[in-house]
Amino acid sequence: MASSSLDYLERSKRISSPVAKELLQIMVEKQSNLSVAADVKTKQELLELADQVGPYICLLKTHIDVILDFDADLVDQLTKLAEKHRFMIFEDRKFADIGNTVRMQYGAGIYRIASWSHFTNCHIIPGEGIIQGLKEVGAPLGRGLLLLAEMSTVDSLANTPQYTAKNVELALKHSDFVAGFIASRRLTDESDFIYMTPGVGLDAKGDALGQQYRSPTQIITHNRSDIIIVGRAIYGPGKDPVVEAQRYQRAGWEAYLARLSS
Ligand code: S5P
């Protein structure tokens with residue numbers, strides 16, 4: 001049976017990646033396939049947002065390098081909030097350099113991403129070495145990598161069949177570290193991976209810089225992705241993050257239930 005027809009619980013028992021396993025378990029417990037993309041600029045804003053939306057999400061996605069006043073205490077506090085509300089953390093670093101360089105960027109520097117983020121992601125533009133470099137750092141810590149097999153923007157160069165297929169090939173080859181994909185749809189049934197999709201919104205259709213939004217129904221029910229990643233639609237101007245997080249949690253979960261019964 002194709003893994004996308006199985007429910008999250010059944011997949012959590014079978015999937016090989018330990019972080020994907022834990023994430024699927026959290027999704028079932030909280031009835032949430034919502035990840036909030038917390039693109040805010042200060043430590044206080046990030047911690048407040050994580051505390052507000054924490055009960056409704058399975059995963060918090062960060063861009064830690066936009067935080068003006070980043071310090072080690074932010075990571076400690078984020079980790080405590082993740083335990084309090086039971087969500088995982090995904091630093092959306094989008095590594096794109098040669099293996100030797102990403103190894104340093106992932107494990108060292110100011111952010112020491114591998115020490116606190118359960119998931120991170122990369123482009124495969126440099127070839128297999130980027131996965132090997134990240135794996136040397138992340139695998140011993142039990143971390144998981146997501147490959148950016150597609151992007152949500154209108155003219156993304158990643159959305160070509162050959163490039164996307166190469167992502168699948170490398171994921172299958174490194175399935176001991178690659179937990180899944182950033183993509184708009186399920187890409188293979190050969191092995192189970194977790195699929196996360198940004199560019200999701202119920203109201204706007206896009207932004208002024210090429211972003212495109214699709215509905216949770218399109219992404220989860222029809223495209224068989226697993227997690228919706230929602231940013232500005234939750235905390236943008238005039239939004240109440242708690243109300244919107246609840247709304248997207250509901251929409252994402254209903255789309256998942258519709259997939260199971262289709
Ligand atoms: O293809 C992509 C991949 C990513 S990870 N398109 C994206 O938009 N993202 C990220 O998802 C992006 O960096 C941002 O953090 C989030 C979308 O934010 P929103 O405010 O447009 O929902």
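Quick caveat: nothing in here was measured; it's all calculated off a predicted structure.

K.L.:
What exactly am I supposed to notice about the overall build of the chain here?
P.N.:
Secondary structure summary: the chain contains 10 helices and eight strands in total. Against the 2.2 N^0.38 benchmark of 18 Å for 262 residues, the chain shows a C-alpha radius of gyration of 17 Å, consistent with a compact globule. Each of the three principal axes of the chain carries a C-alpha extent, and together these read 45 × 45 × 40 Å. Considering the chain as a whole, with its 262 residues, one finds that 43% of them fall into the buried category. Of the contacts made within the chain by residues no fewer than 6 positions apart, 71% connect residues no fewer than 24 positions apart.

K.L.:
Quick question: what am I supposed to make of the pairing of strand 5 (residues 144-148) here?
P.N.:
A regular strand places its side chains so that they alternate between the two faces of the sheet. A large share of strand 5 lies buried, amounting to five of its five residues. Alternating positions in strand 5 separate into two faces, Gly-144, Leu-146 and Leu-148 on one and Leu-145 and Leu-147 on the other, with burial throughout. The β-α-β motif built from strand 4 (residues 119-122), the intervening helix 6 (residues 128-138) and the parallel element strand 5 has right-handed crossover chirality. Crossover strand 5 to strand 6 (residues 178-182) through helix 7 (residues 161-173) is right-handed.

K.L.:
I keep staring at unusual backbone geometry and nothing clicks. Help me out?
P.N.:
What you tend to see is this: most non-glycine residues have negative phi, and most peptide bonds are trans. A positive phi angle, close to 60 degrees, is found at Arg-86, a residue other than glycine. Within the secondary structure, Arg-86 is located in the loop between helix 4 (72-85) and strand 3 (88-95). On the neighbour-count criterion, Arg-86 (17 C-beta atoms within 10 Å) is partly exposed. At Lys-94, a residue that is not glycine, the phi angle is positive and equals roughly 45 degrees. For Lys-94, the position within the fold is in strand 3.

K.L.:
Help me out: how do you make sense of the UniProt feature "binding site: substrate" (unreviewed entry) in the chain in this one?
P.N.:
Sequence positions flagged by UniProt for "binding site: substrate" (unreviewed entry) are, in local numbering, Asp-39, Lys-61, Ser-152, Gln-211, Gly-231 and Arg-232. In this fold, Gln-211 is placed in the loop between strand 7 (194-197) and helix 8 (216-222). Not counting chain neighbours up to four residues away, the residues in contact with Gln-211 comprise Ser-152, Thr-153, Gly-199 and Gly-206. Given 20 C-beta atoms within 10 Å, Gly-231 falls into the buried group. For Gly-231, the residues in contact, after removing those within four places along its chain, are Ala-37 and Asp-39.

K.L.:
Would you mind going over the sheet that holds strand 5 with me for this structure?
P.N.:
Hydrogen bonds between backbone atoms are what pair the strands of a sheet, whose relative direction is either parallel or antiparallel. Pairing is parallel around the closed barrel formed by eight strands, whose spatial order is 1-2-3-4-5-6-7-8. Geometrically, the sheet is characterised by an average inter-axis angle of 30 degrees between neighbouring strands, direction not taken into account.

K.L.:
It is not clear to me how the site of the ligand should be interpreted in this structure. Could you clarify?
P.N.:
Taken together, 15 residues form the shell around the ligand, and within it Ala-37, Met-151, Pro-198, Gly-231 and Arg-232 come nearest. At the level of secondary structure, the elements contributing two or more residues to the shell around the ligand comprise strand 8 (227-230) and helix 9 (232-235). Tallied by class, residues from the shell around the ligand come to seven nonpolar, five polar and three charged.

K.L.:
What am I meant to see in the nonpolar core here?
P.N.:
One broad trend across soluble globular proteins is that nonpolar side chains are buried collectively. Counting 75 residues, the largest nonpolar core has Val-36, Ile-57, Leu-147 and Phe-181 as the members making the most contacts within it. Contacts of Ile-57, omitting those with residues within four sequence positions, involve Ser-32, Leu-34, Ser-35, Val-36, Phe-87 and Ala-245.

K.L.:
Would you mind showing me how to read the environment of Ala-258 here?
P.N.:
Inspection of the secondary structure puts Ala-258 in helix 10 (residues 241-260). A C-alpha to C-alpha distance of 26 Å links Ala-258 and Leu-146, two positions 112 residues apart in sequence.

K.L.:
Please explain helix 10 as it appears in this structure.
P.N.:
Owing to its 3.6 residues per turn, the α-helix aligns residues three or four sequence positions apart on the same side. Spanning 20 residues, helix 10 covers 28 Å between terminal C-alpha atoms, matching the ideal 28 Å at 1.5 Å per step. Those residues of helix 10 that fall on the buried side of the exposure criterion are Glu-244, Ala-245, Tyr-248, Gln-249, Ala-251, Gly-252, Ala-255 and Tyr-256. Along helix 10, the residues classed as buried sweep out an arc of 170 degrees about the axis, all on the same side. The exposed residues of helix 10 that point more than 90 degrees off its buried face are Val-243 and Leu-260.

Conventions adopted
- Residues numbered from 1 in each chain as written.
- Predicted model: local features only at pLDDT ≥ 70, side-chain atom pairs only at ≥ 80, totals over all residues.
- Helix = DSSP H or I, 4+ residues; strand = E, 2+ residues; numbered from the N terminus.
- Rg over C-alpha atoms; globule rule 2.2 N^0.38 Å.
- Buried ≥ 20, exposed ≤ 12 C-beta atoms within 10 Å, placed from the backbone.
- Contact = placed C-beta atoms within 7 Å.
- Right-handed = clockwise from strand over helix to strand, strands pointing away.
- UniProt positions renumbered as here; feature names shortened; annotations may be inferred.
- Pairing = 2+ DSSP bridges.
- Axes fitted to C-alpha atoms, helices over the stretch in contact; angles between N-to-C directions.
- Near = placed C-beta within 6 Å.
- Nonpolar A, V, L, I, M, F, W, Y, C, P; charged D, E, K, R; others polar.
- Core = buried A, V, L, I, M, F, W, Y, C linked by C-beta atoms within 7 Å.
- Expected span 1.5 Å × (residues − 1).
- Arc of directions from axis to C-beta.

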